[in-house]
Amino acid sequence: MAEQYSIQAETLMKAALEDYVELIKIVQASNANMTLIKGIKITISGKPRRLVDVGDLRTGDSENKLQILVFNKDHIDQLVDAINEAGFETTIDDQFINIEVPDPSFKQLMEVVEDLQRKKNSAIGRLTKAKSEATTRARTAVENEFIEQNVASQASKKCDSFYEQYSNEISGVTTDKIKEILGEEFYKKFEEEQALFD
């Protein structure tokens, strides 16, 4: 009987983990330079426009390449000038602007890690909600005398176990992604900083 309540929680938690793993695939070290590029503005017909209004910014073939698909070819020269002014090298390939970006600094990479941590917290929140919904349903069933207290306690324990399992998996995936983003040298520095707060 307890399984009825914990199965729902496990299913929701598994979905939260799968969604999180899929979501963080796009988080990369090159995202650090994306923030700088996104801040570039040009003037079109007397109105200031952000880069995202005139093109689609994407990661390139490697960590040190970004690419913009420009919506209107007439804006390419203006965009190239603005990007070059910001200190980046560019090449034009038809409707694409390829941007060479330097290796991001530790500070820039930490901004990417902070974004990753926000995504992790959101995923953990989904786990908490799944656990809470199942235990609340079991508690309500006890109040309405549909199940016995011991069944609700079993369901609660199973939900706690699933929560522990899936939150550990999310933390593990996050740690692996942070290592990937920071690289070995910066990851050691990150660990040292984290040790100061623990």
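This section reports on the structure supplied with the text. Owing to the predicted nature of the structure, the values given are computational and were not obtained by experimental measurement.

Positive phi outside glycine occurs at Ser45, with the angle close to 50 degrees. Summarising the element assignment, Ser45 is placed in the loop between strand 1 (41-44) and strand 2 (47-50). Its identity is not glycine, yet Asp94 carries a phi of approximately 60 degrees, on the positive side. Structurally, the position occupied by Asp94 is in the loop between strand 5 (89-93) and strand 6 (96-100).

With 38 residues, helix 5 (residues 106-143) should cover 56 Å at 1.5 Å per step; its first-to-last C-alpha distance of 54 Å lies within 8% of that length. Just downstream of helix 5 lies Glu145, where phi reads positive at about 60 degrees.

Below, the discussion takes up the pattern of salt bridges. Counting across every chain of the model gives 12 salt bridges. With a closest N to O distance of 3.2 Å, Lys25 and Glu22 form a salt bridge. Judged by relative accessible area, Glu22 falls into the partly exposed class, the value being 49%. The partner of Lys129 in a salt bridge is Glu133, and the shortest N-O contact between them spans 3.9 Å. In this pair, Lys129 and Glu133 both sit in helix 5, four residues apart, roughly one turn of the helix. One salt-bridge network, in which partners are shared between bridges, spans Asp115, Arg118 and Lys119.

On to the environment of Gln165, then. For Gln165, the location among the structural elements is in helix 6 (residues 149-197). Given a relative accessible area of 35%, Gln165 falls into the partly exposed group. Here the alpha-carbon distance between Gln165 and Leu66, two residues 99 residues apart in the chain, equals 37 Å.

Parameters at a glance
Residues numbered from 1 in each chain as written. Predicted model: local features only at pLDDT ≥ 70, side-chain atom pairs only at ≥ 80, totals over all residues. Heavy atoms only, no water. Helix = DSSP H or I, 4+ residues; strand = E, 2+ residues; numbered from the N terminus. Expected span 1.5 Å × (residues − 1). Salt bridge = Lys/Arg side-chain N within 4 Å of Asp/Glu carboxyl O. Buried < 20%, exposed > 50% of the residue type's maximum accessible area, 1.4 Å probe, protein only.

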